[in-house]
Amino acid sequence: MKAQPDPARPPGSTPPASPRVLIADDQELIRTGFRLILTARGIDVVGEAADGAEAVAAERRLRPDVVLMDIRMPTMDGLEATRRILDHSPRCRVLMLTTFDLDRYVYGALALGASGFLLKDVTADHLAAAVRLVDTGDALLAPSITRRLVQRFASADQSAGDGPTPAIHRDLAALTPRELEVLTLLSRGLSNTELAQALTLSEATVKTHVARIFAKLALRDRAQAVVLAYETGLVTPGDT
């Protein structure tokens with residue numbers, strides 16, 4: 001039987017290249033396990049690092065597409081390593097590795113521009129799918145978890161008054177009323193399809209609004225958009 005063309009790929013185009021991945025974790029067993037999982041699924045692991053300083057140096061040397069970054073490591077933690085990597089290589093995607101989801105350091109990493117986070121007990125298929133997803137430019141976000149994470153720490157920082165300075169500084173005045181509406185709903189976890197339904201717009205129009213919001217506010221992805229919405233007070237803890 002003749003093979004059928006892939007309807008999602010234009011005729012004559014080549015399959016997307018596999019993402020090149022750097023694994024940064026101070027536990028050798030974690031690094032080895034993730035390497036085996038990813039290489040078995042056709043994803044190229046270009047290097048490993050045992051701490052944040054090694055991760056920064058390896059990223060500059062190897063130029064991976066995606067970095068799997070542990071939060072807590074000796075010498076330099078994953079938060080500082082993420083900041084340095086994204087300052088140097090804005091197109092690089094960072095996925096944080098953590099043992100529990102409601103982690104203040106994960107919140108800080110999302111504010112800095114990390115594209116999402118994974119629990120270390122992630123399944124093999126989910127790990128590979130997450131790496132491929134963020135390599136396309138999407139953020140890896142489970143809306144309910146992300147909202148709980150941001151609500152907890154944005155609320156705590158605001159009520160304390162002396163918490164850390166927000167990592168994202170943007171002026172929402174640059175947005176039109178419609179763009180503010182889109183950002184508000186996006187920050188509550190709505191997908192593009194759900195946004196289109198809620199606003200009675202086409203999905204293509206919603207994508208255009210989202211792209212303009214990101215461009216005007218210099219945001220990398222939906223993860224930063226959620227953090228920004230809470231830090232500016234556009235969305236407040238408890239909003240539905």
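The residue numbers shown here count from 1 along each chain, following its written sequence. Note on the predicted model: pLDDT of at least 70 is required for a residue's local features to be given, and 80 or more for side-chain atom pairs to be given and counted; whole-chain, interface and lining totals, by contrast, use all residues. Calculated side-chain values reflect all of the structure's heavy atoms, with hydrogen atoms and water omitted.

## Some words on the overall build of the protein
Selection rule: Each helix corresponds to a stretch of at least 4 residues labelled H or I by DSSP, and each strand to a stretch of at least 2 residues labelled E; elements are numbered beginning at the N terminus. Buried means the residue's accessible area, taken with a 1.4 Å probe over protein chains only, is under 20% of the maximum for its type, while exposed means over 50%, and partly exposed covers the values in between. Two residues form a contact once any of their heavy atoms are found within 4.5 Å. Working definition of accessibility: Shrake-Rupley area with a 1.4 Å probe, residue cover restricted to the visible protein chains.
Helix and strand counts for the protein stand at 10 helices and 5 strands. Scored against the burial criterion, the 240 residues of the protein give a buried share of 44%. For the protein, restricting intrachain contacts to residue pairs at least 6 apart in sequence, the fraction spanning at least 24 positions comes to 68%. For the protein, the exposed surface amounts to about 11900 Å²; the carbon and sulfur share of it is 54%.

## A closer look at the side chain of S89
Along the chain, the position of S89 falls in the loop between helix 3 (78-88) and strand 4 (93-98). Apart from residues no more than four positions distant in its own chain, S89 is found in contact with E59 and R63.

## Notes on the environment of L217
Its place among the elements puts L217 in helix 9 (residues 203-217). Sequence spacing of L217 and L172 is 45 residues, and the spatial spacing of their C-alpha atoms is 7.5 Å.

## Some thoughts on the sheet that holds strand 2 (residues 44-49)
Keep this limit in mind: Each pair of strands is called paired provided DSSP finds at least two bridges between the two strands. Every angle, taken between N-to-C directions, lies between 0 and 180 degrees, and every axis is a line fitted to C-alpha atoms, over only the stretch in contact when it is a helix.
Across the sheet, 5 strands lie side by side as 2-1-3-4-5; this open sheet has parallel pairing. Unpaired on one side and paired on the other, strand 2 and strand 5 (116-119) mark the two borders of the sheet. Adjacent strand axes in the sheet meet at a mean angle of 25 degrees, parallel and antiparallel pairs treated alike. One ladder, built from 4 bridges, connects strand 4 with strand 5; its direction is parallel.

## Focus on the packing of helix 8 (residues 192-199) against helix 9
Keep this limit in mind: We call two directions roughly parallel when the angle between them is under 35 degrees, roughly antiparallel when it is over 145, roughly perpendicular when it lies between 65 and 115, and oblique otherwise. The residue classification treats Ala, Val, Leu, Ile, Met, Phe, Trp, Tyr, Cys and Pro as nonpolar and Asp, Glu, Lys and Arg as charged. All others, Gly included, are polar.
The geometry of helix 8 relative to helix 9 is characterised by a closest axis approach of 9 Å and an angle of 110 degrees between their N-to-C directions. Between helix 8 and helix 9, the angle is such that the two are roughly perpendicular. For the pair helix 8 and helix 9, contact is made by N192, T193, L195 and A196 and by E203, V206, K207 and V210, respectively. Split by residue class, the contact of helix 8 with helix 9 holds 4 nonpolar, 2 polar and 2 charged.

## As for the nonpolar core
The cut-off we apply is this: Think of a nonpolar core as a cluster: buried Ala, Val, Leu, Ile, Met, Phe, Trp, Tyr and Cys residues, connected wherever their side-chain atoms sit within 4.5 Å.
Among the nonpolar cores identified, the biggest contains 27 residues, and V67, M69, I85, V94, M96 and L110 are the most heavily contacted of them. Of all elements in the fold, only strand 1 (20-24), helix 2 (52-62), strand 3 (66-70), helix 3, strand 4, helix 4 (104-112) and helix 10 (222-231) reach the threshold of two or more residues within this core. Among the elements that take part in this core, helix 4 stands out by supplying 5 residues, more than any other. In terms of nonpolar packing, the next biggest core, distinct from the first, is built from 18 residues, I30, L38, V66 and L97 among them.

## Some details on the pairing of strand 2
Selection criterion: When the strands point away from the viewer and the connection leading from the first strand across the helix to the second strand turns clockwise, the crossover is called right-handed.
Note that strand 1 and strand 2 share 5 bridges and pair parallel. Residue pairing for strand 2: V21 is matched across the bridge by V45. Chirality of the crossover, the property in question, places the unit of strand 1, helix 1 (residues 28-40) and strand 2 among those that are right-handed.

## A word on the pattern of salt bridges
The line we're drawing: When a carboxyl oxygen of Asp or Glu lies within 4 Å of a side-chain nitrogen of Lys or Arg, that pair is called a salt bridge.
One pass over the structure, following the stated rule, counts 11 salt bridges. Its salt-bridge partner being E59, residue R63 comes within 3.9 Å of it at the nearest N-O pair. Since its relative accessible area comes to 1%, E59 is described here as buried. For E179, the salt bridge is made with K216, and the minimal N-O distance between the two is 2.8 Å. Here K216 lies in helix 9 and E179 lies in helix 7 (residues 177-187), a separation of 37 residues in the sequence. Residue class for K216 comes out partly exposed when judged on its relative accessible area of 39%.

## Details of helix 9
Convention followed: A helix's residues, less one, multiplied by 1.5 Å, set its expected span. This arc is taken over the directions from the axis of the helix to the C-beta atoms.
Here helix 9 is 15 residues long and its end C-alpha atoms lie 21 Å apart, about the 21 Å a rise of 1.5 Å per residue gives. Among the residues of helix 9, V206, H209, V210, I213, F214 and L217 are the ones counted as buried. Seen along its axis, helix 9 keeps its buried residues to an arc of 135 degrees; they face one direction. Residues A204 and A215 are exposed on helix 9 and point more than 90 degrees away from its buried face. Of the surrounding elements, those touching the buried residues of helix 9 are helix 7, helix 8 and helix 10.

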